[in-house]
Amino acid sequence: MNATILSRRNFKLAMTTRMQSRKAQRGHQKKTRLENLNSHMKRLRVEMEEISEEQKKIKDGQRQIREKFEAIELECEQLRKETILVTKQSVSTQIRLALMFQILKARENHDFSKASQLTCALRELIPRENQQKKL
C-alpha cells in the first residue's frame with residue numbers, strides 16, 4: 001500500500017509539474033505571439049507613415065503640374081490674342097499698301113482726281129486704325 005500511495009503522490013507531482021510546464025509554455029507562446037503582433041503593428045505604422053509621405057509628395061507634384069498647366073494656358077491665350085492683333089495689323093497694312101499703290105497708278109495715268117480721292121480715303125483710314133489700336 002505504501003508503494004501505491006507513493007506512486008499516487010509521484011503521479012500527482014508529475015502531473016502538477018507537467019501542468020505547470022504547459023502553463024509556462026502557453027504563457028511563453030502568448031508572450032511570443034504578442035511580441036510578434038507588436039513588431040508587426042510597428043512595421044505597419046512605419047509603412048503607413050511612408051505611404052502618407054508618398055501621398056503628400058504626389059499631391060504636391062499634382063499641384064505643381066496643375067499650376068504649370070494653368071500658366072501654359074494663360075500664355076497660350078496671350079499668344080492667341082497677340083496673333084489676332086498681328087493679323088489685324090497685317091490686314092490693315094495690306095489695305096494701306098493697296099491704297100498707296102492705287103494712288104501711284106492713278107498719278108502715273110494722270111488721273112489726279114482719282115489720286116485725290118484715294119489720298120483722302122487713306123487719310124481717313126489712318127486715324128480710324130489708330131483709334132482701334134488704342135481699344
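In short, a report on the structure. Nothing here was measured: the structure is a model prediction, and the numbers come from that model. (Residues numbered from 1 in each chain as written. Predicted model: local features only at pLDDT ≥ 70, side-chain atom pairs only at ≥ 80, totals over all residues. Heavy atoms only, no water.)

The residue H110 is not glycine, and still its phi comes out positive at about 60°. Here H110 lies in the loop between α1 (2-108) and α2 (112-134). We classify H110 as exposed; its relative accessible area is 63%. (Helix = DSSP H or I, 4+ residues; strand = E, 2+ residues; numbered from the N terminus. Buried < 20%, exposed > 50% of the residue type's maximum accessible area, 1.4 Å probe, protein only.)

It is worth spelling out a nonpolar patch on the surface at this point. Judged by side-chain polarity, L34, L37, M41 and L44 come together as a nonpolar surface patch covering roughly 350 Å² of accessible area. As for its position among the elements, M41 is in helix α1. (Patch = residues over 30% accessible without salt bridge, like charges linked within 9 Å, V, L, I, M, F, W, Y side chains within 5 Å. Areas by Shrake-Rupley, 256 points an atom, 1.4 Å probe, with all protein chains shown as cover. Salt bridge = Lys/Arg side-chain N within 4 Å of Asp/Glu carboxyl O.)

This part covers the nonpolar core. In this structure, L99, I103, A106, A115, L118, L122 and L125 together form the largest nonpolar core, which totals 7 residues. Taken together, the elements giving at least two residues each to this core come down to α1 and α2. With 4 residues, α2 is the single largest residue contributor to this core. Once residues lying within four places of it in the same chain are set aside, the contact partners of L99 are L118, A121, L122 and L125. (Core = buried A, V, L, I, M, F, W, Y, C linked by side-chain atoms within 4.5 Å. Contact = heavy atoms within 4.5 Å.)

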